[in-house]
Amino acid sequence: MAGQLQIKTGTRLQIALDAGADKEPVFDLLCTFSKNIDDSAFLVSVPVKDAKALPLDEAQKLIFKYSEGNESRLIAGYADDEIKQGIRRYWKIRRVSEQRQFVQRADERIKVALKVQYTQPTWELNEDGSVEWDEGMTLDISGGGLALYLNRRFEVGEALEVELPVMAGMPEEIIPKTSPAVVCWQRETPKGSIYRLVCGLQFRFGDPEERSRMQEYVAYVKKRYRL
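Residues numbered from 1 in each chain as written. Predicted model: local features only at pLDDT ≥ 70, side-chain atom pairs only at ≥ 80, totals over all residues. Heavy atoms only, no water.

**Section: the packing of aromatic side chains**
So, point 1. Counted according to the given criterion, the structure contains five aromatic pairs.
So, point 2. Consider the rings of Tyr118 and Phe154, whose centres lie 6.1 Å apart with planes at 75 degrees: the pair is edge-to-face. With Tyr118 in strand E9 (residues 115-119) and Phe154 in the loop between strand E11 (145-150) and strand E12 (159-163), this residue pair connects regions lying 36 residues apart in the sequence.
So, point 3. Residue classification places Tyr118 among the buried positions, given a relative accessible area of 0%.
So, point 4. Given a relative accessible area of 7%, Phe154 falls into the buried group.
So, point 5. When the ring of Tyr149 is compared with that of Tyr195, the centres are 6.3 Å apart and the planes differ by 15 degrees; the resulting orientation is stacked. Of this pair, Tyr149 sits in strand E11 while Tyr195 sits in the loop between strand E13 (179-188) and strand E14 (197-203), and the two are 46 residues apart along the sequence. No difference in accessibility class separates Tyr149 from Tyr195, as the two residues are buried.
So, point 6. Ring pairing ties together the aromatic residues Phe33, Phe42 and Phe64, which thus form one cluster.
So, point 7. Between Lys65 and the ring centre of Phe27, over which it is positioned, the NZ or CZ distance is 4.6 Å. (Phe/Tyr/Trp six-rings, centres within 6.5 Å; stacked < 30°, edge-to-face > 60°. Helix = DSSP H or I, 4+ residues; strand = E, 2+ residues; numbered from the N terminus. Buried < 20%, exposed > 50% of the residue type's maximum accessible area, 1.4 Å probe, protein only. Lys NZ or Arg CZ within 6 Å of the ring centre and 35° of its normal.)

**Observations regarding the pattern of salt bridges**
So, point 1. The tally for this structure, following the rule as stated, stands at eight salt bridges.
So, point 2. In this structure, Asp18 and Lys61 form a salt bridge, with 3.9 Å as the shortest nitrogen-oxygen distance. Here the residue Asp18 occupies a position in the loop between strand E1 (12-17) and strand E2 (27-38), and Lys61 occupies one in strand E6 (residues 61-68), the gap between them amounting to 43 residues. Lys61 carries the same exposure label as Asp18, and that label is buried.
So, point 3. In this structure, the salt-bridge partner of Asp28 is Lys49, at a minimum N-O distance of 3.1 Å. Of this pair, Asp28 sits in strand E2 while Lys49 is found in strand E4 (residues 48-49), placing the two residues 21 residues apart along the sequence.
So, point 4. Taking the relative accessible area as the measure of exposure, Asp28 reaches 36% and is therefore partly exposed.
So, point 5. With a relative accessible area of 36%, Lys49 lands in the partly exposed category. (Salt bridge = Lys/Arg side-chain N within 4 Å of Asp/Glu carboxyl O.)

**Considerations on the environment of Glu135**
So, point 1. Considering the arrangement of structural elements, one finds Glu135 in strand E10 (residues 134-142).
So, point 2. Sequence separation of Glu135 and Arg152 is 17 residues, and the distance between their C-alpha atoms is 9.7 Å.
So, point 3. If we skip the residues at most four places from it in the chain, Glu135 touches Lys115, Val116, Gln117, Tyr118 and Tyr195.
So, point 4. Only 3.1 Å separates the side chain of Glu135 from the side chain of Gln117, close enough to count as a polar contact. (Contact = heavy atoms within 4.5 Å. Polar contact = N/O pair within 3.5 Å; in protein donor to acceptor, adjacent residues only side chain to side chain.)

The structure is reproduced here in structure tokens:
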């Protein structure tokens, strides 16, 4: 976490109760931002749903969403105290390291399980001089990025090289090349999952042609799996 949040007092925040890595967050709660307490905590008004105040649950992870220009920003945290100031009540939110920032989606995201290879330039070479690759499984994919199940832990902002699978009958012009991507978020999966973690990756395209190629690849996957 890099310093205090740059959010104005009174900014409306949407809230979702984090229900696990394989479920979409539902932002059906509302609150307003009050102030920063320090670099790791801030105050919000008590969240309301259907005109009723939400009971505080220190074990429930919360995801806060707000807009800044054409971007949506997400902040994760836990409510660890309820504070009364005059006639108003606030929740003290303790931030956690997961913090996502993204431009509103322009690409359709499809849920599909694809085996993906990934590596980092910093990894040591194998004894035969070849590049070391690890394997993960997609939770979903779009023309702009993917969510990937894996067992290695990364920090937000780290760069990876991703290699998507080639499918039988796939036209040569859309066969994917190794794609650079950046980690946008990462969190643990529920107990019992084959993979320990799931992370969000955003592709970094060198030119419009690379982006178009990826969009065509995703369209082919959607058609092949009838999604």
